[in-house]
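Here's the letter readout for the chains.
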Amino acid sequence: MLKVYVYPKCSTCKKALAFLRDTGVPHEAVDISKEGPPTAALREMIRRRGSVRAVFNTSGQSYRNGGFSEQLSGMSEQEALQALAADGMLVKRPFVLSDSAALVGFKPEEWKALVK
């Protein structure tokens, strides 16, 4: 079963969950504000997406309040991982990591890989 990290009040997350329901993809929605992705999953997402910045929710309140727009470019990958693991709201969502997909955000054309 696919584990999808979402924020229940997020409209983008709601669209992603609707897509999964409509296409019949078995999934479990996990509230990212209560349980963020494990550090190993975050590390793998960074590797597969090719960028630490791609995993950060740059439009979120945690990002703004934490001053990450100024700090991120000077952070090591380990420091970024620690920040992401400590506050799930820093993670771009929805967040899905599977053998066949490494998805952050919701772009239907990318998510179609989950249906195949």
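The structure under discussion appears in the preceding block.
Going along each chain's sequence as written, the residues are numbered from 1 onward. Predicted model: local features are reported for residues with pLDDT of at least 70 only, side-chain atom pairs are reported and counted for 80 or more only, and whole-chain, interface and lining totals are derived from all residues. Only hydrogens and water are set aside when side-chain values are computed; all heavy atoms of the structure are taken into account.

> How should I be thinking about the pattern of salt bridges in this particular structure?
Close approach of charged atoms allows side chains with opposite charge to pair. One side-chain nitrogen of Lys or Arg within 4 Å of one carboxyl oxygen of Asp or Glu is enough to make a salt bridge. Inspection of every chain in the model, using the stated rule, returns three salt bridges. We note a salt bridge from R48 to E44, for which the minimum N-O separation is 3.8 Å. One end of the pair is R48 and the other is E44, both in helix α2 (residues 39–49) and four residues apart, which spans about a single turn. We classify E44 as partly exposed; its relative accessible area is 25%. A salt bridge links E110 to R49; the nearest nitrogen and oxygen atoms lie 3.8 Å apart. On the criterion of sequence distance, the pair formed by E110 in helix α6 (residues 108–111) and R49 in helix α2 is long-range, its members being 61 residues apart. When its relative accessible area of 27% is taken as the criterion, E110 is described as partly exposed. Salt bridges sharing partners connect three or more residues here, namely E44, R47 and R48. Only DSSP runs of H or I with at least four residues qualify as helices, and only runs of E with at least two residues qualify as strands; both kinds are numbered from the N terminus onward. Here the term buried applies to any residue with accessible area under 20% of the maximum for its type, exposed to any over 50%, and partly exposed to those in between, with areas from a 1.4 Å probe on protein chains only.

> I'm lost on the sheet that holds strand β4 (residues 102–104) in this one. Help?
Whenever strands of a sheet pair, they do so through backbone hydrogen bonds, lying parallel or antiparallel. Read across the open sheet, the four strands follow the order β2-β1-β3-β4; overall the sheet is mixed. The open sheet is flanked by β2 (27–31) and β4, the only strands paired with a single partner. Ignoring strand direction, the axes of neighbouring strands in this sheet form an average angle of 20 degrees. Where strand β1 (residues 2–6) meets strand β3 (residues 95–97), two bridges bridge the pair, whose relative direction is antiparallel. In the strand pairing of β3, Y5 is matched with F95. Sheet strands in contact with helix α1 (residues 11–23) are β1 and β2, and its direction is about 160 degrees off that of β1. Throughout, a residue-residue contact means that at least one pair of heavy atoms, one from each residue, lies within 4.5 Å. To obtain an axis, a line is fitted to C-alpha atoms, over the contacting stretch when the element is a helix, and the angle between two such axes runs from 0 to 180 degrees between their N-to-C directions. Packed onto the sheet, α2 meets β3 and β4 and runs at close to 85 degrees relative to β3. Here a strand pair is declared whenever DSSP counts at least two bridges between the two strands.

> Can you walk me through the nonpolar core in this structure?
Nonpolar side chains in soluble globular proteins generally cluster together in the buried interior. By size, the foremost hydrophobic cluster in this structure holds 23 residues, and its most contacted members are V55, F56, L84 and F95. Counting residues per element, the ones that place at least two in this core are α2, α5 (77–86) and β4. Sequence-distant contacts of F95, that is, excluding residues within four places in its chain, are made with K3, V4, Y5, P37, A41, L42, M45, V55, L103 and V104. V4, F19, F106 and L114 belong to the second-largest nonpolar core, a separate cluster that totals 16 residues. Here the nonpolar core consists of buried residues drawn from Ala, Val, Leu, Ile, Met, Phe, Trp, Tyr and Cys, with membership extended through side-chain atoms lying within 4.5 Å.

> Looking at this structure, I do not really get the packing of aromatic side chains. What am I missing?
By convention here, two paired aromatic rings are described through the distance between centres and the angle between planes. Within 6.5 Å between ring centres, the rings of Phe, Tyr and Trp (the latter by its six-membered ring) count as paired, and their orientation is classed by plane angle as stacked under 30 degrees, edge-to-face over 60, tilted in between. With the rule as written, the count across this model stands at seven aromatic pairs. With centroids separated by 5.2 Å and ring planes inclined at 75 degrees, the aromatic side chains of F106 and W111 adopt a geometry described as edge-to-face. Each member of the pair, F106 together with W111, is buried. Taken together, F19, F106 and W111 form an aromatic cluster joined through their ring pairs.

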